[in-house]
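# Structural features, examined
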Amino acid sequence: MLTLASKLKRDDGLKGSRTAATASDSTRRVSVRDKLLVKEVAELEANLPYEGYYQGGKFQFETEVPDAYNMVPPKVKCLTKIWHPNITETGEICLSLLREHSIDGTGWAPTRTLKDLLNFDDPLNIEAAEHHLRDKEDFRNKVDDYIKRYAR
């Protein structure tokens, strides 16, 4: 879970002790980025899906948000073992929107937000994708097994 709200409070406390001349452009840009992220994290938490194959699981993701966000995409990795067509068993995530540049226009753009990361429709785990297409009930059973073993 991102806890940028506390960082913003701490940074706001420090603002009073330093002059505007010492605040660099980079510091101001990060502060704007952090404020944007606080808003986006709240929106993301309010819109988390509570239904579907992965209901009841607790999945941990590592998200690295670069200083240049939202001009460049965040880096995301799933730390919880999961059976998912778009996530390998080692946690790599295949989302075309996580590419900084793409010919087809589906890559990252400054208009995208963290909420867009919930849209998993770009297969990477071919075995899981084929399993889902072949037998949805057995796919659900395997997802449930992974949740019981790794995501409680």
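The structure displayed is predicted, hence computed values, not measured ones.

Among the residues of helix α3 (residues 126–134), those classed as buried are Ala128, Ala129 and His131. With its buried residues spanning 160 degrees around the axis, α3 presents them on a single face. In α3, the exposed positions angled more than 90 degrees off the buried face are occupied by Glu127, Leu133 and Arg134. The inward-facing, buried residues of α3 contact α4 (136–150).

Time to look at the pattern of salt bridges. Counted by the stated rule, this structure contains 3 salt bridges. Residues Lys81 and Glu89 are paired through a salt bridge, measuring 3.6 Å at the closest nitrogen-oxygen approach. Classification of Glu89 as partly exposed rests on a relative accessible area of 37%. Salt-bridge contacts for Arg149 lead to Asp145; the nearest nitrogen and oxygen are separated by 2.8 Å. Taken together, the residues Arg149 and Asp145, both in helix α4 and 4 residues apart, mark about one turn of the helix. For Arg149, a relative accessible area of 51% corresponds to the exposed category.

Here we take up the packing of aromatic side chains. Counted by the stated rule, this structure contains 5 aromatic pairs. With 6.0 Å between their ring centres and 75 degrees between their planes, Tyr54 and Phe59 make a pair best called edge-to-face. According to the relative accessible area criterion, Phe59 is partly exposed, its value standing at 23%. A centroid spacing of 5.4 Å and a plane angle of 65 degrees characterise the contact between Tyr146 and Tyr150, whose relative ring orientation is edge-to-face. Here Tyr150 and Tyr146 lie together in helix α4, a separation of 4 residues that amounts to about one turn. Given a relative accessible area of 31%, Tyr150 falls into the partly exposed group. Above the ring of Trp83, the side-chain terminus of Lys142 is found at 3.8 Å from the ring centroid.

Basis of the calculations
Residues numbered from 1 in each chain as written. Predicted model: local features only at pLDDT ≥ 70, side-chain atom pairs only at ≥ 80, totals over all residues. Heavy atoms only, no water. Buried < 20%, exposed > 50% of the residue type's maximum accessible area, 1.4 Å probe, protein only. Helix = DSSP H or I, 4+ residues; strand = E, 2+ residues; numbered from the N terminus. Arc of directions from axis to C-beta. Contact = heavy atoms within 4.5 Å. Salt bridge = Lys/Arg side-chain N within 4 Å of Asp/Glu carboxyl O. Phe/Tyr/Trp six-rings, centres within 6.5 Å; stacked < 30°, edge-to-face > 60°. Lys NZ or Arg CZ within 6 Å of the ring centre and 35° of its normal.

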